[in-house]
Amino acid sequence: MPISLKGRSLLTLRDFAPDEIGLMVDTAADLKAAKRSGVFPRRLENRNIAMIFEKPSMRTRSSFAVAAADEGANLEVLPPEDIRFGQKESIKDISRVLGRLFDGIVWRGYSHDIVRELAEQSGVPVWNALCDTYHPTQVLADLLTIREVFGHIRGAKLCYVGDGRNNLARSLMIGAAKVGVDLRILAPGQLQPPEALVKDLMSEASVGANILVTDQADRALDGCQAVYGDVWVSMGEEDLIAERVALLADFKVTPELMASTGRADSIYMHCLPALHDLSTEFARKHPDLCEVSDEVFEHPQSRVFDQAENRMHTAKAVMVLTVG
């Protein structure tokens, strides 16, 4: 029987089987090829999509806006001042109103509890474009990028470098366990994911999956096809800058660290935005906070902008599969 995701919300990849994640990636690849051929099926014609922002994001807004336009949907962006959950109106009431008006809801914010209640009460598919706990739409784009470069996802060797407790690292671990990726988390002891979480994910892992957590660069990077960086300080953690610099100074992704993979074809990945030079005001104020050298970020093996583009193709796939 064909897999159907009709009516499903995407809150975390933990809610999806490996073949369902595979369908999302396959569909994104097909839609990407169609777009580049000038083919636009417009499978979201007469559909209305709401996008709610508690946290701003240029990539999330742009990727969903282009994806919706390509497929014929109307996208309405609702800024924080329009959606004040729990202030003058309850999350439950807001959700029920939006569910009557829209066919799907993109949400980007802080608490996973809010996006979960939004999905439960609205009655329409809700897509988590980032919360403090999970970042599933980014990982779908990452999996598509890995497949494009290496021709496969299962068995791919990926090393994430940085804060191993954040939403991206957690979502990469979930994705790796689901689809069979050999994932290594390279992080100092204080920033490593909980051992219980790793054991829990591996207890239900697919063939080929592995999650190694270590602070030893040589052990983590050996044979890796991809090295994945992320900012050291997430939105709302600005008071932790000095602490993170002290913990992560030796974990900056440099040409020397990339060479530790022992492969000439290793790619560099990043969810963006990245601190890789001093071209931004924030970087000039905190030059020691750059998590990747400009030599790596701008290297021909960097695939960060492929990932950024693939955010749009995977967003389109998720909407088409759950609403179209």
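Small disclaimer: the values here were computed from a predicted structure and weren't measured.

Engineer: Looking at this structure, how should I read helix α6 (residues 167–179)?
Structural biologist: Residues three or four positions apart in an α-helix share a direction because the helix packs 3.6 residues into each turn. The end-to-end C-alpha distance of α6 is 18 Å, a good match for the 18 Å that 13 residues give at a rise of 1.5 Å each. In terms of burial, α6 is largely enclosed, as 13 of its 13 residues are buried. Regarding α6, its N-cap is Asn 166, as a side-chain oxygen of that residue lies 3.2 Å from the backbone nitrogen of Leu 168 further along. Two residues or fewer past α6, Gly 180 is found with a positive phi of approximately 85°.

Engineer: How should I be thinking about the packing of α6 against helix α7 (residues 195–202) in this particular structure?
Structural biologist: Packed helices, taken two at a time, are described by the angle between their axes plus the distance between the axes. For the pair α6 and α7, interaxial distance at closest approach is 9 Å and the crossing angle is 25°. Considering their axes alone, α6 and α7 lie roughly parallel with respect to each other. Judged by the sense of rotation from one axis to the other, the crossing of α6 with α7 is right-handed. Residue-level inspection shows Arg 170, Met 173, Ile 174 and Ala 177 of α6 in contact with α7, the latter providing Leu 197, Val 198 and Leu 201. Among the residues forming the contact of α6 with α7, the class breakdown is six nonpolar, no polar and one charged.

Engineer: Is there a simple way to think about the nonpolar core in this case?
Structural biologist: For soluble globular proteins, the rule of thumb is that nonpolar side chains tend to be buried together. Counting 81 residues, the largest nonpolar core has Met 24, Ile 52, Trp 127, Leu 158 and Leu 183 as its most contacted members. When sequence neighbours within four positions are dropped, the list of residues in contact with Trp 127 reads Arg 8, Leu 10, Ile 49, Phe 64, Gly 104, Ile 105, Val 106, Trp 107, Val 318, Met 319, Thr 322 and Val 323. Counting residues in hydrophobic clusters, the runner-up holds 29 residues, among them Ala 220, Leu 221, Leu 275 and Leu 289.

Engineer: Hey, could you run me through the environment of Ala 73 in this one?
Structural biologist: Relative to the elements of secondary structure, Ala 73 occurs in the loop between α2 (58–70) and β2 (74–78). The exposure class assigned to Ala 73 is buried, which follows from its relative accessible area of 13%. Excluding anything up to four places from it in sequence, Ala 73 contacts Leu 44, Arg 47, Ile 49 and Ala 68.

Calculation criteria
Residues numbered from 1 in each chain as written. Predicted model: local features only at pLDDT ≥ 70, side-chain atom pairs only at ≥ 80, totals over all residues. Heavy atoms only, no water. Helix = DSSP H or I, 4+ residues; strand = E, 2+ residues; numbered from the N terminus. Expected span 1.5 Å × (residues − 1). Buried < 20%, exposed > 50% of the residue type's maximum accessible area, 1.4 Å probe, protein only. Polar contact = N/O pair within 3.5 Å; in protein donor to acceptor, adjacent residues only side chain to side chain. Axes fitted to C-alpha atoms, helices over the stretch in contact; angles between N-to-C directions. Parallel < 35°, antiparallel > 145°, perpendicular 65-115°, else oblique. Left-handed = near helix turned anticlockwise from the far one by under 90°. Contact = heavy atoms within 4.5 Å. Nonpolar A, V, L, I, M, F, W, Y, C, P; charged D, E, K, R; others polar. Core = buried A, V, L, I, M, F, W, Y, C linked by side-chain atoms within 4.5 Å.

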